[in-house]
Amino acid sequence: MRPMISDSVGIYYFSGTGNTLLVVKKIKEAFERNGLRVGLFRMEKTNPANVDLSHTVGLGFPVAAQGTFPFVWDFVRSLPQADGTPIFMVDTLAMYSGGVVGPMRKLLGSKGYAPVGAKEIRMPGNLFPRKVDPEDVEDKVRKGLEKAERYANDLLEGRARWGRVPILSDMMTIFSQRGYAWKLFRRMFRLQVDRSKCKQCELCFELCPVGNVTMDEYPEFRDECQFCMRCISFCPTGAIYLPGKEYEVYRAVKAGELLRG
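About the criteria used
- One numbering rule holds for all chains: residues counted from 1, following each sequence as written.
- At least 70 in pLDDT is required for a residue's local features to be given in this predicted model, at least 80 for side-chain atom pairs to be given and counted, and no such filter applies to totals for whole chains, interfaces and linings, which use all residues.
- Excluded from the side-chain calculation are hydrogens and water; included are all heavy atoms of the structure.
- Helical segments are the DSSP runs of H or I of at least four residues, strand segments are the runs of E of at least two, and each set is numbered from the N terminus.
- For each residue, the accessible area found with a 1.4 Å probe, counting protein chains only, is set against the maximum for its type, and the residue is called buried under 20%, exposed over 50%, and partly exposed in between.
- A strand pair is defined by DSSP finding two or more bridges across the two strands.
- Helix axes use the C-alpha atoms of the stretch in contact, all axes being lines fitted to C-alpha atoms, and the angles between their N-to-C directions lie in the range 0 to 180 degrees.
- Any two residues whose heavy atoms approach within 4.5 Å are treated as being in contact.
- Think of it like this: strands point away, you trace from the first strand over the helix to the second, and a clockwise trace means the crossover is right-handed.
- For the purposes of this section, nonpolar cores are sets of buried Ala, Val, Leu, Ile, Met, Phe, Trp, Tyr and Cys residues that join through side-chain atoms within 4.5 Å.

### Focus on unusual backbone geometry
- Despite not being glycine, Ala65 has its phi angle at roughly 55°, a positive value.
- Note on placement: Ala65 falls in the loop between strand E3 (56-62) and helix H2 (70-77).
- Of note, Phe128 is a non-glycine position whose phi angle comes to about 50°, a positive value.
- When you line up the elements, Phe128 lands in the loop between strand E5 (114-122) and helix H4 (134-156).
- Its relative accessible area of 8% is what places Phe128 among the buried residues.

### Details of the sheet that holds E5
- Spatial strand order, E2-E1-E3-E4-E5: five strands in an open sheet with parallel pairing. Edge positions in the sheet fall to strand E2 (37-42) and E5, since each has one partner strand and no second. Between one strand axis and the next, the sheet turns through 15° on average, direction left out of account.
- Note: strand E1 (residues 8-13) against E3, five bridges, orientation parallel. The residue bridging Ile11 from the neighbouring strand is Gly58, located in E3.
- Across the sheet, helix H3 (residues 101-110) is in contact with E3, strand E4 (86-93) and E5; its angle to E4 comes to roughly 155°.
- Sitting on the sheet, H4 touches E4 and E5, and the angle it makes with E5 is about 165°.

### Notes on the pairing of E2
- Relative to E2, E1 runs parallel, the two being bridged by six bridges. From the neighbouring strand, Tyr12 faces E2, where its bridge partner is Phe41.
- Handedness of the crossover joining E1 and E2 through helix H1 (residues 19-33): right-handed.

### Remarks on the nonpolar core
- Formed by 49 residues in total, the largest nonpolar core has its most connected members in Leu59, Met104, Leu108 and Ile232.
- Broken down by secondary-structure element, the contributors of at least two residues to this core are E3, H2, E4, H3, helix H6 (180-188) and helix H8 (230-234).
- Here this core takes five residues from H2, the largest share from any one element.
- Sequence-distant contacts of Leu59, that is, excluding residues within four places in its chain, are made with Tyr12, Met43, Phe75, Val76, Ile87, Phe88, Met89, Val90 and Leu108.
- With 32 residues, the next largest nonpolar core counts Val9, Ile11, Val90 and Leu258 among its residues.

Next up, the structure:
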C-alpha cells in the first residue's frame, strides 16, 4: 500500500530568489484548504536533527548544477533516521535537472523515509539572466503555481509519484553533492563590491545561507559561495556584481519575505 501524507505537514525549504518560496506557499495553501496543518521552515535556520518525524515531511529547493546546492544535500543527509515517515519533495528549475529526483529518493530511502511524491516545476531562471521579460516571467510563474497546486492535490489523493533511480542521475549529481561545480564556479566568477554604491546595509550578510558574506566596513566574500543569487539579486543599490558579465537582476519576492520565511 502506498504511503499517504498525514494531516500535519512540515515543509523544509530553501529559496534563492523566491521561486521556491512561491511554490511551497502554494502547496501550503492547497493543503490548508483541505484541512491539513502545515508549517514552513527555512532550511538555513533549521537544525535537521530536530525535524519532527511525527508529521509528513516536505522538502523544497531550487535545482543547481543539475542537482541542488551542497548545503541542501547536507541538510538532507543530516535528517534523523526515520521509520516510514512519509516524505515528498518539490524543486524549481529553469530548464533541466537530471541529477536530483532519483538520488534524493535513494538517499531518503536509505534513511528510512517513505517517498510519497516528487515534482519539478519550471520557473523563471535567475542565474545571471541576460534579459528579464516581465510578461514571460508572469506567464512562467502562473504556470508554475498552477502545477504546484495540481501536485498538492495529487499528494492529497495519493496520485503523486517519485521516479526511479537511473545510473545516469547518480553520476550527474556527483557534481552538486560533492561541490565540484561550485569550486569551478568560484574560480570563474568572483563577486565584487562597488564601494561607491554600497550603503553598508548588511542585507547581503543577512541573506547569505552559507555565511559566505562577512562584514567589515564593506561586505567581503569568503570562498564558500554556492551562487544562490541572493546577494546580487537583492542588493538595493546594485553594488554587488561580477566584473565583465552582463545580466539583469531577477527576484520573485521581496528580501523581507525570504528572511521571514
